[in-house]
Number of protein chains: 2
Amino acid sequence: MTVSRAAEKSSEKPADSAKGRKDAAEVQGQGAAGEALQLGELSEQLGYVLKRAQLKVFENFLRCMASLQLTPAQFSVLLLVEKNPGRNQTEIASTLGILRPNFVAMLDNLESRDLCARIRSTNDRRSHILVLTDKGKAVLARAKKLVATKHEARLNELLGQANREALIAMLAKVASEF
Amino acid sequence: MTVSRAAEKSSEKPADSAKGRKDAAEVQGQGAAGEALQLGELSEQLGYVLKRAQLKVFENFLRCMASLQLTPAQFSVLLLVEKNPGRNQTEIASTLGILRPNFVAMLDNLESRDLCARIRSTNDRRSHILVLTDKGKAVLARAKKLVATKHEARLNELLGQANREALIAMLAKVASEF
DNA sequence: CGATATTTGATATGGTCCATAACAATTATC
DNA sequence: GATAATTGTTATGGACCATATCAAATATCG
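About the cut-offs
- Residues numbered from 1 in each chain as written.
- Chains lettered and ligands numbered in written order.
- Predicted model: local features only at pLDDT ≥ 70, side-chain atom pairs only at ≥ 80, totals over all residues.
- Heavy atoms only, no water.
- Helix = DSSP H or I, 4+ residues; strand = E, 2+ residues; numbered from the N terminus.
- Buried < 20%, exposed > 50% of the residue type's maximum accessible area, 1.4 Å probe, protein only.
- Contact = heavy atoms within 4.5 Å.
- Phe/Tyr/Trp six-rings, centres within 6.5 Å; stacked < 30°, edge-to-face > 60°.
- Lys NZ or Arg CZ within 6 Å of the ring centre and 35° of its normal.
- Buried area = accessible area lost by both parts, 1.4 Å probe.
- Salt bridge = Lys/Arg side-chain N within 4 Å of Asp/Glu carboxyl O.
- Polar contact = N/O pair within 3.5 Å; in protein donor to acceptor, adjacent residues only side chain to side chain.
- Nonpolar A, V, L, I, M, F, W, Y, C, P; charged D, E, K, R; others polar.
- pLDDT = per-residue confidence, 0-100.
- Least-squares fit on C-alpha atoms with pLDDT ≥ 70 in both.
- Core = buried A, V, L, I, M, F, W, Y, C linked by side-chain atoms within 4.5 Å.
- Expected span 1.5 Å × (residues − 1).
- Arc of directions from axis to C-beta.
- Axes fitted to C-alpha atoms, helices over the stretch in contact; angles between N-to-C directions.
- Parallel < 35°, antiparallel > 145°, perpendicular 65-115°, else oblique.
- Left-handed = near helix turned anticlockwise from the far one by under 90°.

As annotated in an unreviewed UniProt entry, chain A is DNA-binding transcriptional regulator, MarR family from Bradyrhizobium shewense.

Below is the structure:
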């Protein structure tokens, strides 16, 4: 739940509510004890299936990248900096949907691992230009290979090339126009 | 070779820099100042587009449900309890991928709003049977209508009926087999 | 039977991600 | 030159997720 809404605090212990109360035995007769539950309409809920798919994909991504210790977010930063050298933190962060304050620690991490570097701009001495280090470029190159051969390849053998492209195209459309 | 990697016209120029650092002025010459950034391979990264789509969909879901104050997670709980009455907390939580400790506060919330109720089981007095209250059933019915007319309908006009079903089917496959 | 292990709901706690306010340094605006 | 806006940063709080632990109830097994 991205949007800030009412929290689920409710530090209150709900007692027996007379409303909606049923005899336990009555309800008990219905559900078969040990069997798997019926997902019902849930399996066609866009949000539900989207979220579960996203969790699985991230999980797989992390396994594929275990040797490089790169999270999806870190990988996206490296990709974007490589493609757009000479941009500052605000620009990189905002196009990734990362808020500037939260981007600081992330860059601290990448910079401490010598994967990218902040360079004080000469034009505008407030901003930090972002660049990949040589090590950062090398790591990113290896990461791309891992993603292509282990991660995206998995999607291909699951859906097929054509479906894979269709899926990504639809997701991109949803992400931009929904 | 699924992903369109390589083919980078990287007009890069690795300068001196013992640690991969560069002179700011040198880098500055490249990036056009105010223009939009190139997403590059990012727009074809499954995880990236999945995550952004999921955020957009959840955001839209919350807007559609604003009058009922239901989050996607809460909606999924109500749906599952309705479809599987007589199940206990552990069963409902686990099929939704929610850990039992985190499910407690969630149920406290729903129960405090009189949408569902915990009933002490007579067979196994450790467990709490979950049931929708009458109000819970009514709210869920209204929620379903809102989701169908405002939320899923949006997806239909964006992708079309056939593509919408294909998308959900592929996501379900990814969620279960990736 | 009774001792031990397991299960269920619950609490406490820590980590990560996300969002807002505020600040110093720098730059833009007038 | 005074004021406003921007950039990176810190501090902070909330939401979500994960683990350890507990009491009560049940299951297991000698």
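Now that the structure has been shown, we can carry on.
Next up on the list: the overall build of chain A. Secondary structure assignment for chain A yields 7 helices and 2 strands. Sequence-ordered secondary structure for chain A, helices as α and strands as β, is α-α-α-α-α-β-β-α-α. Of all 178 residues assigned to chain A, the portion counted as buried reaches 44%. When contacts within chain A are restricted to residue pairs at least 6 apart in sequence, long-range pairs at least 24 apart make up 47% of them.

The next point concerns the packing of aromatic side chains. Per the stated rule, a full pass over the model turns up 2 aromatic pairs over all chains. Judged by centre distance (5.6 Å) and plane angle (55°), the rings of A:F61 and A:F75 are tilted. Separated by 14 residues along the polypeptide, A:F61 in helix 2 (residues 46-64) and A:F75 in helix 3 (residues 72-83) bring together distant segments of the chain. Assigned by exposure class, A:F61 and A:F75 land together as buried. The ring centre of B:F178 lies 5.9 Å from the NZ or CZ of A:R154, which sits over that ring.

Here we come to the interface of chain B and chain A. In this complex, chain B contributes 101 residues to the contact, which on the side of chain A involves 101 residues. Surface buried jointly by chain B and chain A totals about 9,300 Å² across both partners, of which 64% is contributed by carbon and sulfur atoms. Taking the shortest distance from any N to any O, the salt bridge between B:E41 and A:K144 comes out at 2.8 Å. Inspection of the chain B/chain A interface yields 13 residue pairs in polar contact (both at pLDDT 80 or more). It is helix 2 (residues 46-64) of chain B that provides the largest number of residues to the side of chain B that touches chain A, a total of 16 residues. Of the residues contributing to the side of chain B that touches chain A, the split by class is 44 nonpolar, 29 polar and 28 charged.

Looking at chain A, pLDDT values average 86 and 81% of them are 70 or higher. This model gives residues 1-31 of chain A a pLDDT under 50, and the stretch forms 47 contacts once residues within four places in sequence are excluded.

What follows deals with the relation of the copies chain B and chain A. For the pair chain B and chain A, the superposition axis carries a translation of 0.0 Å, the fit reaches an RMSD of 0.0 Å, and the rotation angle comes to 180°. With respect to symmetry, the two chain copies, as superposed, fit the operation of a two-fold axis. Closest approach to the rotation axis within chain B is made by the C-alpha atom of B:L167, at a distance of 3.2 Å. A symmetric contact is evident, with 86% of the interface residues of chain B recurring at the interface of chain A.

Turning next to the nonpolar core. Judged by nonpolar contacts, the single largest core of 31 residues is most densely connected at B:M65, B:L70, B:F75, B:I92, B:L96 and B:F103. Broken down by secondary-structure element, the contributors of at least two residues to this core are helix 3 (72-83), helix 4 (89-95), helix 5 (100-112), strand 2 (128-132) and helix 6 (134-159) of chain B. Counting residues per element, this core draws most heavily on helix 3 of chain B, at 7 residues. Ignoring sequence-local partners within four residues, the contact set of B:F75 consists of A:Q45, B:F61, B:M65, B:L140, B:A143, B:K144 and B:V147.

Residue and element names in this part refer to chain B. If you check helix 7 (residues 161-177), its first and last C-alpha atoms are 24 Å apart, about what 17 residues at 1.5 Å a residue would give, namely 24 Å. By the burial criterion, the buried members of helix 7 are R164, L167, I168, M170, L171, V174 and A175. Projected down its long axis, helix 7 shows its buried positions confined to an angular sector of 165°, all on one face. Exposed side chains of helix 7 directed beyond 90 degrees from the buried face belong to A162 and S176.

In this section: the environment of B:Q74. If you trace the backbone, B:Q74 turns up in helix 3. Taking C-alpha positions, B:Q74 is 8.9 Å from B:L107, a pair spaced 33 residues apart along the chain.

What follows concerns unusual backbone geometry. All names here are of chain A. Unusually for a residue other than glycine, D114 sits at a positive phi of about 60°. Following the sequence through the fold, D114 ends up in the loop between helix 5 (100-112) and strand 1 (116-120). Its relative accessible area of 28% is what places D114 among the partly exposed residues.

Turning our eyes to something else, we now look at the packing of helix 6 (residues 134-159) of chain A against helix 7 of chain B. The contact between helix 6 of chain A and helix 7 of chain B brings their axes to 11 Å, and the two run at 120°. Considered as vectors, helix 6 of chain A and helix 7 of chain B are oriented oblique to each other. In the crossing of helix 6 of chain A with helix 7 of chain B, the sense of the turn from one axis to the other is right-handed. On the side of helix 6 of chain A, the interface is formed by A:R154, A:L155, A:L158 and A:L159, while helix 7 of chain B contributes B:M170, B:K173, B:V174 and B:E177.

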